[in-house]
Amino acid sequence: MSQISISIYRYNPEQDSKPRMQSLEVEVSGDRDLMVLDVLELAKAKDPSITYRRSCREGVCGSDGMNINGVNGLACITPLSKAAGPARKLVLRPLPGLPVIRDLVVDLSQFYEQFEKIKPWLINDEPPPAIERLQSPEEREKLDGLYECILCACCTTSCPSFWWNPDKFIGPAGLLQSYRFLADSRDEATAERLAELDDPFSVFRCRGIMNCVSVCPKGLNPTRAIGKIRNMLVEQGT
Amino acid sequence: MVTNATSLGRSGLFDWLVQRFSALVLLAWIAWVSIGVIAAAEFGYPQWRALFAAVPMQIFSLIAVLSLCAHAWVGVWTVTTDYLNEAHLGKAGTAIRLLTQIACLLLTLSCLIWGARIFWGSG
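As the structure is a computational prediction, the values presented were derived from the model and not from experiment. (Residues numbered from 1 in each chain as written. Chains lettered and ligands numbered in written order. Predicted model: local features only at pLDDT ≥ 70, side-chain atom pairs only at ≥ 80, totals over all residues. Heavy atoms only, no water.)

1. Concerning the pairing of strand S3 (residues 65–68) of chain A
Residue and element names in this part refer to chain A. Short version of the rule: Relative accessibility thresholds used throughout: buried, under 20% of the residue-type maximum; exposed, over 50%; partly exposed, between the two (1.4 Å probe, protein chains only). The secondary structure listing takes helices from DSSP runs of H or I that are at least 4 residues long and strands from runs of E that are at least 2 residues long, numbered from the N terminus. Strand pairing is defined by DSSP finding a minimum of two bridges between the two strands.
Across the two faces of S3 the burial is the same, with Gly-65 and Asn-67 and Met-66 and Ile-68 all buried. The pairing of S3 with strand S4 (residues 71–74) spans four bridges and is antiparallel. Considered in S4, the bridge of Ile-68 is made with Val-71. A loop of two residues connects S3 with S4, the two strands running antiparallel in sequence, and Asn-69 in this loop sits at a positive phi of about 50°. By the bridge criterion, two bridges tie S3 to strand S5 (residues 89–93) in an arrangement that is antiparallel. Note on S5: the bridge partner recorded for Asn-67 is Arg-93.

This is the structure we're talking about:
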């Protein structure tokens, strides 16, 4: 058994005048590497008032996105050894830039509003065929690296452009999904989708710092997708 | 509230293209002047004057000053709309941003006119 020091962001807006950091020590088994979520569960056993979201515990649902030792990630698939390092200390904060509902739970409304703006569904007014709208393997391949996004918000909440303009900049997750539909051979609304992105904020507030790429727990590359949207805008607009 | 009203072209694509194109013009101008200085066997005030006396160089230099002003405005607009807003500065955010933008615009226009006088002035 070994000790892990955890510092957890605590804030209940209904009771607390300001947030505080709570320090806890938990004992973990030394024979296997735990995930950060496992350690959080041990901390919750000590203090049941600690609040966070979690569901699938295998990096699929995207519920437990949080800031782990300064880096956004999913607690359920971030190994303790990688997050805490040799200092064996964890600092857990909510995803930055969004209002805190309680402790590690943030209000994702702005994130979802931006996602909704890009119309995340196929637009095709042709009568549907009897079975399904077919794609060639090459057309389908264009969606790889795009459709896998689980909307955990780790990327968007690590982006300063989203922190400063969360009501106008769509953010990396929304733009990755926007390109997922722009690249889809079955979608017929390319021109309309691009027209809605050609303002100074929605796409062009991205400064290409690639925080999104470095934190994506699924290994996706929103910056590349944003670059492809820009290229499509250039092709359409010039 | 932050809006598009004071952006250079109201279009994200236009501003983005202006910033990239102006950067290329400035790079070419710096390279051209640097070559002019380095390639000269002897360099002093007469050579410097001669370099800028040629009409093509004067045209290129004025385009470079215009590019500098456009490039600066797109950058300043981005920075001011990121940091000088209600979220950072409270209710006074919009007024502070507009005043800063007006000051930067006046400075940019002054630089443009000053640059034109230097490159095209008779003195």
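2. Things to note about the pairing of strand S1 (residues 2–10) of chain A
Residue and element names in this part refer to chain A. One ladder, built from nine bridges, connects S1 with strand S2 (residues 20–28); its direction is antiparallel. When the sheet's bridge partners are listed, Ser-5 is paired in S2 with Glu-25. Here S1 runs beside S5; their pairing, made up of four bridges, is parallel. Among the inter-strand pairings, Ser-5 is bridged to a residue of S5, identified as Lys-89.

3. Here we look at the side chain of Asn-72 of chain A
Residue and element names in this part refer to chain A. Basically, it comes down to this: The definition of a polar contact used here is a pair of N or O atoms within 3.5 Å, where within protein one atom must be able to donate a hydrogen and the other to accept one, and adjacent residues in sequence count solely through side-chain atom pairs. Contact criterion: two residues are considered in contact whenever any of their non-hydrogen atoms come within 4.5 Å of each other.
Inspection of the secondary structure assignment puts Asn-72 in strand S4. Within the structure, Asn-72 has its side chain in polar contact with the backbone oxygen of Cys-154 (distance 2.9 Å). In terms of polar contacts, Asn-72 uses its side chain to reach the side chain of Thr-157, at 3.0 Å. In this view, Asn-72 contacts Met-66, Asn-67, Leu-95, Pro-96, Cys-154, Thr-157, Ser-158 and Val-215; residues no more than four positions away in its chain are not counted.

4. Quick look at the packing of helix H1 (residues 12–39) of chain B against helix H2 (residues 45–53) of chain B
All names here are of chain B. Condition: Orientation is described by lines fitted to C-alpha atoms, with helices fitted over the stretch in contact, and by angles between N-to-C directions that extend from 0 to 180 degrees. Oblique is the label for any angle not covered by the other classes, which are roughly parallel (under 35 degrees), roughly antiparallel (over 145) and roughly perpendicular (65 to 115). Each crossing gets its hand from how the near helix is turned against the far one by less than a right angle, where anticlockwise is left-handed and clockwise is right-handed. In the scheme used here, Gly and all other residues not listed as nonpolar or charged are polar, with Ala, Val, Leu, Ile, Met, Phe, Trp, Tyr, Cys and Pro taken as nonpolar and Asp, Glu, Lys and Arg as charged.
Packing of H1 against H2 brings their axes to within 11 Å, and their N-to-C directions diverge by 140°. Of the possible angle classes, the one that applies to H1 and H2 is oblique. Regarding H1 and H2, the two cross each other, and that crossing is right-handed. When H1 is examined against H2, the residues Trp-29, Val-33, Gly-36 and Val-37 are found in contact with a partner set consisting of Trp-48, Leu-51 and Phe-52. Its residues assigned to classes, the contact of H1 with H2 comprises six nonpolar, one polar and no charged.

5. Comments concerning the packing of aromatic side chains
The criterion, for reference: Here a Phe, Tyr or Trp ring, Trp counted by its six-membered ring, pairs with any other such ring whose centre lies within 6.5 Å, and the pair is stacked when the planes are under 30 degrees apart, edge-to-face when over 60, and tilted otherwise. We count a charge as sitting over a ring when the NZ of a lysine or the CZ of an arginine lies within 6 Å of the ring centre and within 35 degrees of the ring normal.
Scanning the model with the defined rule gives nine aromatic pairs over all chains in all. Taken together, the aromatic side chains of Trp-29, Phe-43, Trp-48, Phe-52 and Phe-119 of chain B make up a single cluster linked through ring pairs. For the cation-ring pair, Lys-168 of chain A lies above Phe-201 of chain A, with the distance from its terminal atom to the ring centre recorded as 5.6 Å. Between Arg-180 of chain A and the ring centre of Phe-181 of chain A, over which it is positioned, the NZ or CZ distance is 4.3 Å.

6. With respect to a nonpolar patch on the surface
Just so we agree on the cut-off: In this scheme, patches are assembled from residues that exceed 30% relative accessible area and form no salt bridge. Like charges are connected within 9 Å, while nonpolar side chains (Val, Leu, Ile, Met, Phe, Trp, Tyr) are connected within 5 Å. Where accessible areas are quoted, they stem from the Shrake-Rupley method and a 1.4 Å probe; at the residue level, only the protein chains shown are allowed to cover. Think of a salt bridge as a Lys or Arg side-chain nitrogen and an Asp or Glu carboxyl oxygen that are within 4 Å of each other.
Side chains of Val-55, Ile-59, Ile-63 and Trp-120 of chain B sit close together on the surface and give an oily, nonpolar patch of about 360 Å² of accessible area. Tallying contributions element by element places helix H3 (residues 55–83) of chain B first for the nonpolar patch, with three residues.

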